[in-house]
Amino acid sequence: MRPAPIAIPGAALGDARPKPPPRPPYEALRVFARNPTALIGVLLLAAILAVTIFGPMAMETDPFEIAAAPMEPPGSDLLLGSDYLGRDVLTGMIYGGRATLLVGVVAAVLSMAIGVTVGALAGYYGGWVDETLMRITEFFQVLPTLLFAMVLVTLFTPSLATIAVAIGVVSWTGTARLARGEFLRLKRREYVLAERVIGAGDARIIWRVILPNALAPLIVSATLAIGTAILFEAGLSFLGLGDPNVMSWGLMIGSNRPYILTAWWAVTLPGAAIFLTVLAVSLIGDGLNDALNPTSRGRA
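How each quantity is defined
Residues numbered from 1 in each chain as written. Predicted model: local features only at pLDDT ≥ 70, side-chain atom pairs only at ≥ 80, totals over all residues. Heavy atoms only, no water. Helix = DSSP H or I, 4+ residues; strand = E, 2+ residues; numbered from the N terminus. Buried < 20%, exposed > 50% of the residue type's maximum accessible area, 1.4 Å probe, protein only. Contact = heavy atoms within 4.5 Å. Areas by Shrake-Rupley, 256 points an atom, 1.4 Å probe, with all protein chains shown as cover. Phe/Tyr/Trp six-rings, centres within 6.5 Å; stacked < 30°, edge-to-face > 60°. Lys NZ or Arg CZ within 6 Å of the ring centre and 35° of its normal. Patch = residues over 30% accessible without salt bridge, like charges linked within 9 Å, V, L, I, M, F, W, Y side chains within 5 Å. Salt bridge = Lys/Arg side-chain N within 4 Å of Asp/Glu carboxyl O. Polar contact = N/O pair within 3.5 Å; in protein donor to acceptor, adjacent residues only side chain to side chain. Core = buried A, V, L, I, M, F, W, Y, C linked by side-chain atoms within 4.5 Å. pLDDT = per-residue confidence, 0-100. Axes fitted to C-alpha atoms, helices over the stretch in contact; angles between N-to-C directions. Parallel < 35°, antiparallel > 145°, perpendicular 65-115°, else oblique. Left-handed = near helix turned anticlockwise from the far one by under 90°. Expected span 1.5 Å × (residues − 1). Bend = angle between axes of the 7 residues up to and from the residue.

Enquirer: Sorry if this is basic, but what is going on with the overall build of the protein here?
Expert: Each helix and strand counted, the protein has twelve helices and zero strands in total. Reading the secondary structure of the protein in the N-to-C direction produces α-α-α-α-α-α-α-α-α-α-α-α. In the protein, which comprises 300 residues, the share counted as buried stands at 43%. Within the protein, residue pairs in contact and separated by at least 24 positions form 73% of the contacts whose partners lie at least 6 positions apart. Looking at the protein as shown, the accessible area adds up to about 15000 Å², and 69% of this sits on carbon and sulfur atoms.

Enquirer: Would you mind showing me how to read the packing of aromatic side chains here?
Expert: How two aromatic rings sit relative to each other is set out by the distance from centre to centre and by the angle between their planes. One pass over the structure, following the stated rule, counts six aromatic pairs. On the basis of an interplanar angle of 80° and a centroid distance of 5.0 Å, the ring pair of Tyr-124 and Tyr-125 is categorised as edge-to-face. You can call Tyr-124 buried: its relative accessible area is 1%. Seen from the ring of Phe-238, Arg-257 lies directly overhead, with NZ or CZ sitting 4.9 Å from the centre.

Enquirer: For this particular structure, what's the right way to read a nonpolar patch on the surface?
Expert: Together, Leu-49, Ile-53, Phe-54 and Met-57 line one region of the surface with nonpolar side chains, adding up to about 380 Å² of accessible area. Relative to the helices and strands, Met-57 is located in helix H2 (residues 36–59).

Enquirer: Any chance you could explain the side chain of Arg-87 here in plain terms?
Expert: Tracing the sequence through the fold places Arg-87 in the loop between H2 and helix H3 (89–125). With a relative accessible area of 10%, Arg-87 lands in the buried category. Among the polar contacts listed, one links the side chain of Arg-87 to the side chain of Asp-83, at a separation of 2.7 Å. Those residues in contact with Arg-87 that lie beyond four places of it in its chain are Pro-63, Phe-64, Glu-65, Ile-66, Ala-67, Gly-81, Ser-82, Met-247 and Ser-255.

Enquirer: What exactly am I supposed to notice about unusual backbone geometry here?
Expert: Excluding glycine, residues mostly have negative phi values, and the peptide bonds linking residues are mostly trans. Backbone geometry at Met-71 places phi at a positive 60°, although glycine is not the residue there. Checked against the element boundaries, Met-71 lands in the loop between H2 and H3. According to the relative accessible area criterion, Met-71 is partly exposed, its value standing at 29%.

Enquirer: Sorry, what's going on with the nonpolar core here?
Expert: Most often, soluble globular proteins keep nonpolar side chains buried together rather than apart. By size, the foremost hydrophobic cluster in this structure holds 18 residues, and its most contacted members are Val-89, Met-93, Ile-230, Trp-249, Met-252, Trp-265 and Ile-274. Looking at this core, the elements that each hand over two or more residues are H3, helix H10 (215–238), helix H11 (249–256) and helix H12 (265–292). For this core, the element with the highest residue contribution is H12, accounting for six residues. Apart from the residues within four sequence positions on either side, Val-89 is in contact with Leu-80, Gly-81, Ser-82, Asp-83, Met-252, Trp-265, Ala-266 and Leu-269. Core analysis: the next-biggest nonpolar cluster, separate from the first, contains 17 residues, Val-116, Ala-179, Leu-186 and Leu-218 among them.

Enquirer: Any chance you could explain the environment of Ile-136 here in plain terms?
Expert: When you line up the elements, Ile-136 lands in helix H4 (residues 127–142). Judged by relative accessible area, Ile-136 falls into the partly exposed class, the value being 39%.

Enquirer: It is not clear to me how the confidence of the model for the protein should be interpreted in this structure. Could you clarify?
Expert: Predicted coordinates in regions of low pLDDT should not be interpreted in detail. Counting all residues, the mean pLDDT for the protein is 83, and 89% of those residues have values of 70 or more. Summarising per-element confidence for the protein, the mean pLDDT is lowest in helix H1 (residues 25–33) (78) and highest in H3 (91). Low pLDDT, under 50, characterises residues 4–16; the stretch is placed with 13 contacts to residues that sit more than four places away or in other chains. The low-confidence segment residues 18–23, where pLDDT is below 50, has nine contacts with residues more than four positions distant or belonging to other chains.

Enquirer: What's the story with the side chain of Glu-195 in this structure? I'm lost.
Expert: Inspection of the secondary structure puts Glu-195 in helix H8 (residues 190–197). Of the residues examined, Glu-195 reaches a relative accessible area of 4% and is grouped as buried. Polar side-chain contacts of Glu-195 include one of 3.3 Å to the side chain of Arg-204.

Enquirer: When you look at the packing of H3 against helix H9 (residues 202–213) in this model, what are you seeing that I'm missing?
Expert: The relative placement of two packed helices comes down to the angle between their axes together with the axis-to-axis distance. Their axes nearest at 11 Å, the elements H3 and H9 cross at an angle of 110°. On the basis of their axis angle, the class for H3 and H9 is roughly perpendicular. Viewed along their axes, H3 and H9 form a crossing whose handedness is right-handed. Residue-level inspection shows Val-116, Thr-117, Ala-120, Leu-121, Tyr-124 and Tyr-125 of H3 in contact with H9, the latter providing Asp-202, Ile-205, Ile-206, Trp-207, Ile-210 and Leu-211.

Enquirer: Where do I start with H3 in this structure?
Expert: Each full turn of the α-helix corresponds to 3.6 residues, which orients residues three or four apart in the same direction. Look at H3: 53 Å from first C-alpha to last across 37 residues, which is about the 54 Å you get at 1.5 Å a residue. Along its length, H3 shows its largest kink, about 25°, at Gly-96. Between a side-chain oxygen at the N-terminus of H3 and the backbone nitrogen of Leu-90 the separation is 3.2 Å; the capping residue is Asp-88. Gly-126, located one to two residues past H3, shows a positive phi value of around 65°.

So, in structure tokens, the structure goes:
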């Protein structure tokens, strides 16, 4: 199914393909670099990534290993104390960051892949394709996302892969609507119509002509989706639906929550790590929005 070709007066046929207006990547980078809150987010996220990636190489310990007496306060034998079983909180946070960030990124990528595909097809083809895909989107949108994710994780063996897939499957609807709106806006542009006139296929027009020019809001959406996925993973682990064999920040909070009054550090510190990570991602997303959105930069 393809939209009917549209004749464009004066459009040159042959190999001369009209190109869309050039994008200013250096200007966007300059605007982003001059945003202090965005730079704070970059530095904060870089520090978190450095600790979670290189920390296990330096420590080489098991986060589930009993390292001290239960609920030792910070600064005694262990820098950040121990949890209710005597496990090192610092080691758990370093190793747990890997799992939490990995699930967040994979789930966000899956969510964006589903959402962009559905939104692109709906916005480009319109008609019954748009109606069908939007009804499916509305069905997923009205489902309680956390409950639906819990059901999906429960149906399969809880693991990082199933958690990431469950989060991605339930969180793509907003991206689909955003992508649909961008494709509806861009598919009537002159350079898109010219591609149809010279016989370009639908796949080329969708993925190589329209999508690159719709990336700005989608990149911002992808950045914010990572923060949402991290919170989702923490919530599932907090409820006991995470992988019990892999340390994560949510698992640390959930397993230590009965002892929050006597061992507050075992709950507060992983929670602070989640807060700082989501904050850093949100600051970067806001900075990207300011840099990639022409309106926010005061350009026509």
